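Observations on the three-dimensional arrangement
Here is what each chain is made of, one letter per residue.
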Amino acid sequence: MTTATPGRPLPVPTPETQHFWEGTALGELRLQRCRACATTYFPPQAFCPACSADDIELVQSSGRGSLYSYVITHLAAPGFDASYVIAVVELDEGPRLLTNIVGVEPDPDALPLDLPVEVVYDLVGQITLPMFRPRTP
Amino acid sequence: MTRPPSVTIVGAAETAEIGTVALSSLGLATDAARRALADCALTPADVDGVAISGLNPYLPTFVAHSLGIEARWVDATMVGGCSNLLHLRHAAAAISTGQCDVVLVTHGESGRSHRGGPVFRPGPDSWQGQFELPYGTAGPMTLLTLGALRFLRDRGLDRSALARVVVTQREWAARNPRALRRDPIDIDGVLDAPLVAYPFTRPMCCVTTDAGGAVVVTSAERARDLPRPPVHVLGTGEASGAAMASQMPDLTSSDAFRRAGAAAFGAAGLTPSDIDHAMLYDATASIPLMALEDLGLVPRGESGAFVADGHTAIGGRLPVNTNGGGLNYTHSGMYGMYALQESIRQLRGEAAAQIGGVATSLTHAIGGMFQAAATAILSAEAS
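Residues numbered from 1 in each chain as written. Chains lettered and ligands numbered in written order. Predicted model: local features only at pLDDT ≥ 70, side-chain atom pairs only at ≥ 80, totals over all residues.

1. Let's talk about the overall build of chain A
Of the regular secondary structure elements, chain A holds one helix and eight strands. Counting from the amino terminus, chain A carries its helices and strands in the arrangement α-β-β-β-β-β-β-β-β. In chain A, of all internal contacts separated by at least 6 residues, the share reaching a separation of at least 24 is 50%. (Helix = DSSP H or I, 4+ residues; strand = E, 2+ residues; numbered from the N terminus. Contact = placed C-beta atoms within 7 Å.)

Shown next as structure tokens:
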């Protein structure tokens, strides 16, 4: 899936987040895990937000999770056409991400909370955004 | 523990006009400031502390320059719409420790007309710019609202709980001649209105205005020489929350709300049952429900029933958002100042929708997208 719409805000990686965006380009959803306290966390940073340890490893998410909450926006951001789903997905590994739910009508009846979802990757301009779609068993 | 010296609000005012106003953000802030000073018969020469914040980090210097104030205490703390309550808290601490004597906390924002101020836009390399904006978040109505469906489901509620907040506050707004939205509305009218971001319709989202407000803060001792009945600052709290709405530990409850509220009650030596009146920052209809629970005004899970049973309404036991709230009255972008103004009016007995027997009022505000919060407990009495 590729979309590139003028005016759409796109991420610019920082040194702390470079690995995340390099991962999405390869089809990997990279999280970080603290070897000291076993916390898996997001957003990316070089030390653990729970215990401040800096013994951190990259772990690859399964890309599977569930629909924690969402809105169906009728306000369109630059580069978007309303309506669309802005969601918080809870990954099986624990962290939550803000994302879009794609591959489904933006209709509450199609989007019950806790709906199982899986990651899909969307190349937008030069950067690959992780998004989610309903998961079929 | 010895209580710190009592600090009071001696002057308070909003801008002469709200809505669409032919003033810049700075002009609104100084209009409110001059009116607040006039309210307590002080002049800029009496003021030695200035607090204001907005998207221009140097705002206190503009206000001081414009009014001719020689400040020896400055606070530009900016954590969104609760900032003015942090200023009040910081001013109280500064006055009680002798850093300054008379603090002007002011606010002005051309939130509708966008005159004279920058527009907030996180950079593409910020956390928001990398992890939220690329998904088409379109401002507060798509971020403050993110956890609402989960909130409603967890509490066994549906969208009518949000509509009930609007209906109740619209009844208060009908008594406030300055409120923008004053027409009666019923549950179906709210639910059937145009969608902004499902489950939120337009009446569940705040108005957008040009407006300003200011307060003058000084010691209780100094207040004795001034004309208006002082409003005593009994206790305050402030707290930081998750830096992104999507990263709140629980999107149905704000940890910042809980900590700010607990700090204010602890400092005041009061409990939620002592509160007669509450102003709960309402950029959306969901936030007052969260605040009722997070401040301990009702047990977790009971906010919807509390509102539906009429306890926050006219004649209820805990009137809430009696100016009509940000949903109906005014919201220029940082609503905390207007919530504070209504608490002061109720304690002075001069509110448009005045209620009887208000000894203690609580003002609570959110900053950013649940990124910060502040609470102030105020009283007409010293303790």
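There's more to say after this.
2. Regarding the confidence of the model for chain B
With 99% of its residues at a pLDDT of 70 or more, chain B has an overall mean of 96. Among the scores for the predicted complex, ipTM is 0.96 and pTM is 0.97. (pLDDT = per-residue confidence, 0-100.)

3. Examining the domain arrangement of chain B
Residue and element names in this part refer to chain B. Under the domain assignment, chain B is made up of domain 1 (7–119 + 209–233) and domain 2 (138–204 + 235–379). Of note, the centres of domain 1 and domain 2, computed from C-alpha atoms alone, are 23 Å apart. Contact residues are listed per partner, giving 28 residues for domain 1 and 31 residues for domain 2. Broken down by secondary-structure element, the contributors of at least two residues to the side of domain 1 that touches domain 2 are β1 (7–14), α3 (83–96), β4 (102–110), β7 (210–219) and β8 (231–240). For the side of domain 1 that touches domain 2, the leading source of residues is α3, giving seven residues. (Domains from an automatic or database assignment.)

4. Remarks on the interface of chain B and chain A
The partner chain A presents 29 residues to the 28 residues of chain B that form the contact. For the side of chain B that touches chain A, the secondary-structure elements that each account for two or more residues are α4 (127–131), α5 (148–154) and β5 (195–198) of chain B. A class-by-class count of the residues in the side of chain B that touches chain A yields 15 nonpolar, nine polar and four charged. With two bridges connecting them, strand β4 (residues 64–73) of chain A and β5(B) associate as antiparallel partners. Residue pairing for β5(B): A:Ile72 is matched across the bridge by B:Tyr198. (Nonpolar A, V, L, I, M, F, W, Y, C, P; charged D, E, K, R; others polar. Pairing = 2+ DSSP bridges.)

5. Focus: the pairing of strand β8 (residues 127–134) of chain A
Along any regular strand the residues' side chains alternate between the sheet's two faces. Residues and elements named next belong to chain A. Relative to β8, strand β7 (residues 116–124) is paired through eight bridges, and the arrangement is antiparallel. Each bridged residue has a counterpart across the sheet, and for valine 120 the counterpart in β8 is methionine 131. Taking the residues between adjacent antiparallel strands as the criterion, β7 and β8 are bridged by two residues, where glycine 125 takes a positive phi near 60 degrees.

6. As for the environment of A:Ala110
All names here are of chain A. Of note, alanine 110 is situated in the loop between β6 (96–100) and β7. When the 12 C-beta atoms within 10 Å are taken as the criterion, alanine 110 is described as exposed. Between the C-alpha atom of alanine 110 and that of tyrosine 84, which follows or precedes it by 26 residues, the distance is 13 Å. Once residues lying within four places of it in the same chain are set aside, the contact partners of alanine 110 are Val104 and Glu105. (Buried ≥ 20, exposed ≤ 12 C-beta atoms within 10 Å, placed from the backbone.)

7. Some points on the sheet that holds strand β10 (residues 360–367) of chain B
All names here are of chain B. The nine strands lie next to each other as β3-β2-β4-β7-β1-β8-β11-β10-β9, forming an open sheet whose pairing is mixed. Sheet topology places β3 (73–75) and β9 (277–280) at the edges, where each strand pairs with a single neighbour. Neighbour to neighbour, the strand axes of the sheet diverge by 25 degrees on average, direction disregarded. Both β1 and β7 contribute to a ladder of seven bridges, which runs antiparallel. (Axes fitted to C-alpha atoms, helices over the stretch in contact; angles between N-to-C directions.)

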